[in-house]
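Breakdown of the fold
Okay, here's what each chain looks like letter by letter:
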Amino acid sequence: MNAQAITPRCIWPVGAKLGEGPVWHAEEQLLYFVDIKGRKLHRCDSEGEARDSFELPDETGFALPVHGGGLVCGLPGQLVHFDPARGSFKPLLSLEGDRPGNRMNDGAIGPDGALWFGSMDNGETAPTGALYRYDGGLQRHDDGYVITNGPAFSPDGRTFYHTDTLGKTVYAFDVDARDKLSNKRTFVTIAGAGHPDGSAVDAEGCVWIASFGGGRVERYAPSGELLDFVVFPCPNVTKIAFGGPDLRTAFATTAWKGMSEDARARHPLAGAVFAFDVSVPGLAPQPFRLDVQ
């Protein structure tokens, strides 16, 4: 794949202030994503059609499909189940009552159907963010982040990736049979412009990392070697997700948060959702395995 020759196509100029968390809903064959600062959940098909938008009660870092229907959402201080058909929200868990300045950020479903997610300081200055796993019970696996991002697993489920965005570092962990993390180590440190944001792993085990402020998505080998990158027509790329019938379409969310009026005029597609084709498919997305009905 010559990723540098790829031109991402805009499928929805939705104008999200902080578009994030794209996820392919395999059962519905729809893409879901959030606008954290806009307090909205959006969905569309693989071509950007069949569009729907939903108002959310607070800043929501992720909205991920649940086995049996609906989505698990990360709001400040809580996890909730959202049923788009009914427009209803059901509380699942309260957390971080001792960290009132935090909100939830990026999340992903692990191979076993558990939810992995991070919190962050909404002011983006204090190291109050943490990494959690939730499967009906909550476990804190790491701590001391300002902005958490990019939870993702290798194809065999034995390596976990997690991002310290302001530290410009993506870490790798070993995952044991009991879903405990160990052997935290630097996977890649991002040089130059941009900060590592959300990530996704393809079927070859390569890690795709979005660059907030860098205007691109980078593809790294499991060894940490930079293999290729895709350039976008706007600076803040937040995350990609693989989807479509064969998982060979990469969808990317972007944001205009932090851009000046002049920069927004020069990058009118900031905040849009993009798609591009890949030769190596992504991993099949897993639903959250918790009965919330």
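Scroll up a little and you will see the structure.
Conventions adopted
Residues numbered from 1 in each chain as written. Predicted model: local features only at pLDDT ≥ 70, side-chain atom pairs only at ≥ 80, totals over all residues. Heavy atoms only, no water. Helix = DSSP H or I, 4+ residues; strand = E, 2+ residues; numbered from the N terminus. Polar contact = N/O pair within 3.5 Å; in protein donor to acceptor, adjacent residues only side chain to side chain. Buried < 20%, exposed > 50% of the residue type's maximum accessible area, 1.4 Å probe, protein only. Contact = heavy atoms within 4.5 Å. Pairing = 2+ DSSP bridges. Axes fitted to C-alpha atoms, helices over the stretch in contact; angles between N-to-C directions. Salt bridge = Lys/Arg side-chain N within 4 Å of Asp/Glu carboxyl O. Core = buried A, V, L, I, M, F, W, Y, C linked by side-chain atoms within 4.5 Å. Disulfide = S-S within 2.5 Å.

1. Re the side chain of T238
Looking at where T238 falls in the secondary structure, it is placed in strand 22 (residues 237-243). At 2.6 Å, the side chain of T238 forms a polar contact with the side chain of T253.

2. Focus on the side chain of T249
Within the secondary structure, T249 is located in strand 23 (residues 249-254). Given a relative accessible area of 12%, T249 falls into the buried group. Once you skip the residues sitting within four places of it in the chain, T249 turns out to touch R9, A241, F242, G243, A275, F276, D277 and V278.

3. Section: the sheet that holds strand 5 (residues 52-55)
Here we have four strands laid out as an open sheet, ordered 2-3-4-5, and antiparallel in their pairing. The strands lining the two open edges of the sheet, one partner per strand, are strand 2 (19-25) and strand 5. The average angle at which neighbouring strand axes cross in this sheet is 20°, direction not considered. Note that strand 4 (residues 40-44) and strand 5 share four bridges and pair antiparallel. Along strand 5, the bridge assignment pairs L41 with F54.

4. Section: unusual backbone geometry
Phi at Q29 is positive, roughly 55°, even though this residue is not glycine. Mapping Q29 onto the fold places it in the loop between strand 2 and strand 3 (30-35). Phi is positive for R39, which is not a glycine, with a value near 55°. Assignment of secondary structure puts R39 in the loop between strand 3 and strand 4.

5. With respect to the pattern of salt bridges
Inspection of the entire model under this criterion finds 20 salt bridges. Between D58 and R39 there is a salt bridge, and its shortest N-O distance comes to 3.5 Å. Pair noted here: D58 is in the loop between strand 5 and strand 6 (63-65) and R39 is in the loop between strand 3 and strand 4, with a separation of 19 residues, a long-range link. Relative accessible area serves as the criterion here: at 36%, R39 is assigned to the partly exposed category. We note a salt bridge from R133 to D179, for which the minimum N-O separation is 3.2 Å. Pair noted here: R133 is in strand 12 (residues 129-134) and D179 is in the loop between strand 16 (169-175) and strand 17 (181-189), with a separation of 46 residues, a long-range link.

6. A few points about the nonpolar core
Counting 31 residues, the largest nonpolar core has L41, L115, F117 and F288 as its most contacted members. Secondary structure elements with two or more residues in this core: strand 3, strand 6, strand 7 (71-75), strand 8 (78-83), strand 10 (102-109), strand 11 (115-121) and strand 12. Looking at which element gives the most residues to this core, the answer is strand 7, with four residues. Judged by nonpolar contacts, the second largest core, of 20 residues, contains I6, W208, C234 and A272.

7. What to know about the sheet that holds strand 12
The strands making up a sheet associate through backbone hydrogen bonding, with each pair oriented either parallel or antiparallel. Strand order in the open sheet formed by four strands is 10-11-12-13, with antiparallel pairing between adjacent strands. Taken across any chain shown, the strands that pair with only one partner, and hence form the sheet edges, are strand 10 and strand 13 (138-145). Put simply, the sheet's adjacent strands are angled 20° from each other on average, direction ignored. Of the pairings in the sheet, the one linking strand 11 to strand 12 comprises four bridges and is antiparallel in character. Bridge pairing in strand 12 places W116 opposite R133.

8. Some words on the environment of E20
Tracing the chain through its elements places E20 in strand 2. A relative accessible area of 3% places E20 in the buried class. The sequence separation of E20 and L226 amounts to 206 residues, and the corresponding C-alpha distance is 23 Å. If we skip the residues at most four places from it in the chain, E20 touches F33, V34, I36, D106, N149, D197, T238, K239 and T253.

9. So, the pairing of strand 22
With seven of seven residues buried, strand 22 is to be regarded as a mostly interior element. As defined by bridge partners, strand 22 adjoins strand 23 across six bridges and the pair is classed as antiparallel. From the neighbouring strand, K239 faces strand 23, where its bridge partner is T253. Counting the residues in the hairpin turn of strand 22 and strand 23 gives five residues, including G244, whose phi is positive at 80°.

10. Some remarks on the state of the cysteines
Taken as a whole, this structure holds zero disulfides when the rule is applied. The closest cysteine sulfur to the non-disulfide-bonded C10 is located on C234, 8.7 Å from its own sulfur. Since its relative accessible area comes to 2%, C234 is described here as buried.

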